[in-house]
Amino acid sequence: MSDPLDGKTFEPVIIGFTCNWCSYRAADMAGMARMKYPPNIRLVRVMCSGRLDPTFIFKAFASGADGVMVTGCHPGDCHYIEQNYKLMRRFILMQRTLEQMGIEPGRLKLTWASAAEGAKFSEEVTNMVEEVRRLGPLNWPSAETMDEWMAKEPSIETEERP
Amino acid sequence: MAAESETKQPQERIGVYVCHCGSNIAGTVDVAEVARWAGEELKDDGVVVSRDYKFMCSSLGQEMIQKDIVEQGLTRVVVAACSPHLHEATFRNACARAGMNPYLCELVSIREQCSWVHTDKAKATEKSKAILAGGVLRVARDTPLEPMRVPIHPDVLVVGGGVTGIQAALELANGGKHVYLVEKDSTLGGHMAQLDKTFPTLDCSACILTPRMVSAGNHPNITLLTWSEVTGVSGYVGNFTITIRKKARFVREDLCNGCGVCTEKCPKKVVDDGFEAGLGYRKAVYTAFPQAVPKYPVIDVENCTYFIKGTCKACEKFCPTGAIDFNQEDEILTVPVGNIILATGYQTFDARRIPQYGYGRLANVFTSMEFERLSNAAGPTGGKVTLRDGKTTPKTVGIIHCVGSRDKKYNEYCSAICCMQSLKFAHVVKERTGAQVYEFYIDMRTPGKSYDEFYLRNLEEGVLFVRGRVAEVTDVARLPGEEGKLIIQAEDSLIGKQRRIPVDMVILSTGLEPRDDAKEVAKLFGISCSADGWYIERHVKLEPISTMTEGVFIAGCVVGPKDIPASVAQGSAVAARVYQYIQQGEISLEPYRATINAEECSGCRICNDLCPFNAISYHEEEQVSEVNPALCQGCGTCVSACPAGAITGWGFSDEQILAQIEGLMAVRS
């Protein structure tokens, strides 16, 4: 089998979801303090982690992400009182669903970071990038490949028994 | 790279603006390349103009965008620069001035989330392209929005009756606004009322504070609620409903004239752990101190003989106005306010947590608050500086700085006031007793008006300074001359030697800490604490008294340790900000709200219970749910939970977020 990476180090791409009040501000804080973390994460800002629709996670994987990091305020610190608890419930469901689809649990991670925890944020990102790097590329079929596959005539190759 | 979403909008004309931020972004990201790439590769996504500029937020940068909107007929704008928390409003306002709906402008962060945290220029440039592509795909799906206008109730809640709260309340009340000033204790004054002198001017703390307390207590525009606590907060900026529990004083305020006979006649004496810091006594019915505002005493239920044994009632017998009421109950008040100011202050570090300093074990080790009371003319010794026996005058005194501060084991931060407070103690000790004073400090921090001059004055007065952290305070004598003394063992880092200095008295300059209930209070008002427990300001430099929660403001030591001038300045600043909101009459809120499309709603009611603000109601007849935009806070939880996809989260719609994810993933080497 040929090496798909062609000898290069695998650079995963991770989509991170941040809430406007805590984890996005933690990311800002990491920036202001010039804390360094790998450039493999790309962030989406939502108002609250409770806004996280499971579709967003599937969309990220389907668009080629190798990992998804979900972040929010610490339990009990939610700007909207308790919506991060609702995310927690969904998160467990999403993790199970993804496992059943053959996606390693390490590719979906939930992390709490308060607005003051820039250091924690950068550390968690660093850890996740390394973990996903170890897991390797996800190689989920893209929508186009799926279309190609679906368009193919189903064929069953039979082998002649000796 | 065209978006594949089916809900593709009619082709927009998008302008892209990439900021260098001097070298802040351009140092790590090839800004010109990002702009060039967007102009070529994102053409199919609607990008018609793509530029880079040194400082996009400058007036020239903003004018460039406005010019393009007008001349090129842009319908959308994406700025790739700093965090939206910093400049989103700047660019949205710029677009609005050129006639564009401000919510059709997106600011994506390639500084805080890219150039500042990465070092590899090629990778940071690639990531910037991805972030920008996310913004471009998102902006095409933005919808024009109008900010919500909500009226501001003119009344204000101030929590905390220390010097900061008093200042804020008076500023507003003098300006004709009505203030509810809520204080947990039985009197206004806070920590400042306990202090003897204030540095560096050495003016008497009570003399400058009590007139303010009286003004606040008498002010026609201030409803003073002492011995009260806020138990509930509901609503949102402009329209909060506050529930306050006014604890039973067992003294009727309408009848009491503050004569003090009840206190005089009360047979029960208890150690005063509050105002007198454990050095003095008070009665079971008491006012915290003679100048207390309001003048009405309270009965301490835990210690009152009547409440314990069912007999006594001496106070009731002797009260000339019949004001004692043993059957009084807590009162629950509900008041509407438009803005909230939290000035709940601090607590002092508990010196018992550092056992090697001997506080609580060695009699003549005092905390700073104890020394304040000891040196106070109204204190237990009448201002005479003595040892714990109340008689002996100390001949040598050691003052230890940074107790509980600048120490990884306790608090890493500097408590800001301890150096000056220690210098003040040294001066007072020398003045009153002529004792030899040693100050043990790590660094001398005197950055305030006339502060360093005060340090020099202490040097001239012969106070001895030892630079180094104290290891131990002990009463075990090892060397001649140490018998019967407290020995301070410290490293003198200037001469590089360990020293043992025998003294009669040790004062621990204890640091400031967030109050034990700071986290609970923060939760009640919907704001956040730092890891240390201090309340987080919206912007540490430019918005020091605002929080991320609209309508909730913070001032004084609750934001972090500070001295009296800084606390008072914040009290005034916060009042000015609130006054500005009240004068506007109404406030604009971000239109990030959810709405339910009645035609798509199946009436399943899943969303109803998800909303913590009770913003969603169900119409039985039509069998659909509806969001009340005034109550909706825009978290979007219902949007993601709706099985029918009938709920739209304005500003953060599914289409916008899915398109952004697509954009973020579109660039990969």
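Residues numbered from 1 in each chain as written. Chains lettered and ligands numbered in written order. Predicted model: local features only at pLDDT ≥ 70, side-chain atom pairs only at ≥ 80, totals over all residues.

## Re the overall build of chain A
1) Next: On a plain count of helices and strands, chain A comes out with five helices and four strands.
2) Next: Reading chain A from its N terminus to its C terminus gives the helix and strand order β-α-β-α-β-α-β-α-α. (Helix = DSSP H or I, 4+ residues; strand = E, 2+ residues; numbered from the N terminus.)

## Topic: the overall build of chain B
1) Next: A count of helices and strands for chain B gives 18 helices and 34 strands.
2) Next: Seen through its principal axes, chain B has C-alpha atoms that stretch 90 × 70 × 40 Å.
3) Next: Here chain B holds 669 residues, and the buried ones make up 51% of them.
4) Next: Look at the contacts in chain B between residues 6 or more apart in sequence, and 71% of them connect residues 24 or more apart. (Buried ≥ 20, exposed ≤ 12 C-beta atoms within 10 Å, placed from the backbone. Contact = placed C-beta atoms within 7 Å.)

## Focus: the sheet that holds strand β25 (residues 486–492) of chain B
All names here are of chain B.
1) Next: Taking strand neighbours across the sheet as the criterion, the three strands line up as β24-β25-β26 in an open arrangement whose pairing is antiparallel. With partners counted over all chains shown, the strands left at the sheet margins are β24 (470–474) and β26 (497–503), one partner each. Here the average twist between neighbouring strands, direction ignored, is 20°.
2) Next: In this structure, β24 lies alongside β25, joined through four bridges in antiparallel fashion. Bridging from a neighbouring strand, Val470 pairs with Ala490 of β25. (Pairing = 2+ DSSP bridges. Axes fitted to C-alpha atoms, helices over the stretch in contact; angles between N-to-C directions.)

## As for the pairing of strand β27 (residues 505–510) of chain B
Residue and element names in this part refer to chain B.
1) Next: Counting buried positions along β27 yields six of six residues, so the element is predominantly enclosed.
2) Next: Alternating positions in β27 separate into two faces, Met505, Ile507 and Ser509 on one and Val506, Leu508 and Thr510 on the other, with burial throughout.
3) Next: Inspection of the sheet shows strand β20 (residues 365–367) paired to β27 by three bridges, in the parallel sense. Paired with Thr367 across the bridge in β27 is Leu508.

## Concerning the domain arrangement of chain B
The parts lose accessible area when they come together, and the size of an interface is often stated as this lost area.
1) Next: Looking at the assigned domains, one finds that chain B contains domain 1 (14–147 + 654–664), domain 2 (156–247 + 332–345 + 515–586), domain 3 (261–329), domain 4 (349–512) and domain 5 (594–649).
2) Next: Here the C-alpha centre of domain 4 of chain B lies 57 Å away from the C-alpha centre of domain 1 of chain B. (Domains from an automatic or database assignment.)

## Section: the interface of chain B and chain A
1) Next: Residue-level contacts link 44 residues of chain B with 44 residues of chain A.
2) Next: Among the elements of the structure, α4 (111–115), α5 (121–139), α17 (637–641) and α18 (654–664) of chain B are those that each provide at least two residues to the side of chain B that touches chain A.
3) Next: A per-element tally of the side of chain B that touches chain A places α18 of chain B first, with seven residues.
4) Next: A per-class count over the side of chain B that touches chain A returns 19 nonpolar, 15 polar and 10 charged. (Nonpolar A, V, L, I, M, F, W, Y, C, P; charged D, E, K, R; others polar.)

## Remarks on helix α15 (residues 564–584) of chain B
All names here are of chain B.
1) Next: Over its 21 residues, α15 extends 31 Å from the first C-alpha to the last, a length consistent with the 30 Å expected when each residue adds 1.5 Å.
2) Next: Each element contacted by the buried residues of α15 is listed here: β6 (156–159), α6 (163–174), β8 (197–198), β18 (339–342), β29 (552–554) and β30 (586–589).
3) Next: Immediately beyond the C-terminal end of α15, within one or two residues, lies Gly585, with a positive phi of roughly 80°. (Expected span 1.5 Å × (residues − 1).)

## A look at unusual backbone geometry
Residues and elements named next belong to chain B.
1) Next: Here the bond from Phe199 into Pro200 is cis, since omega is -10°, no more than 30 degrees from zero.
2) Next: In this fold, Pro200 is placed in the loop between β8 and β9 (203–204).
3) Next: Put simply, Val293 and Pro294 share a cis peptide bond, and its omega is 5°.
4) Next: Inspection of the secondary structure assignment puts Pro294 in the loop between β15 (285–286) and β16 (298–299).
5) Next: Look at Phe250: it is not a glycine, yet its phi comes out positive at around 65°.

## Considerations on the sheet that holds strand β2 (residues 47–53) of chain B
Residues and elements named next belong to chain B.
1) Next: Taken in spatial order, the four strands make up an open sheet running β2-β1-β3-β4, and their pairing is parallel. Both edges of this open sheet fall to β2 and β4 (105–109), since each of them pairs with a single strand only. Strand-to-strand twist across the sheet, computed as the mean angle between neighbouring axes with direction ignored, equals 15°.
2) Next: Examined bridge by bridge, strand β3 (residues 76–81) and β4 share five bridges and lie parallel to one another. When the sheet's bridge partners are listed, Ala81 is paired in β4 with Ser109.
3) Next: Together, β1 (14–19), β2 and β3 form the strand contacts of helix α1 (residues 31–41), whose direction differs from that of β2 by roughly 175°.
4) Next: Contacts from helix α3 (residues 84–97) reach β3 and β4 within the one sheet, and its direction differs from that of β4 by about 155°.

## Comments concerning helix α11 (residues 368–375) of chain B
Residue and element names in this part refer to chain B.
1) Next: Along α11, eight of the eight residues are buried, which leaves the element largely enclosed by surrounding structure.
2) Next: Of all the positions in α11, only Ser368, Met369, Glu370, Phe371, Glu372, Arg373, Leu374 and Ser375 are classed as buried.
3) Next: On its buried face, α11 is in contact with β14 (280–283), β19 (346–348), β20, α12 (418–433) and β27.

## Some remarks on the packing of α1 of chain B against α5 of chain B
Residues and elements named next belong to chain B.
1) Next: Put simply, α1 and α5 touch, their axes get as near as 10 Å, and they point 40° apart. What the angle tells us is that α1 and α5 run oblique. As for the relative orientation of α1 and α5, their crossing is right-handed in sense. The residues of α5 that touch α1, namely those facing Glu33, Val34, Trp37 and Ala38, are Thr125, Ser128, Lys129 and Leu132.
2) Next: In the contact of α1 with α5, the residues fall into four nonpolar, two polar and two charged. (Parallel < 35°, antiparallel > 145°, perpendicular 65-115°, else oblique. Left-handed = near helix turned anticlockwise from the far one by under 90°.)

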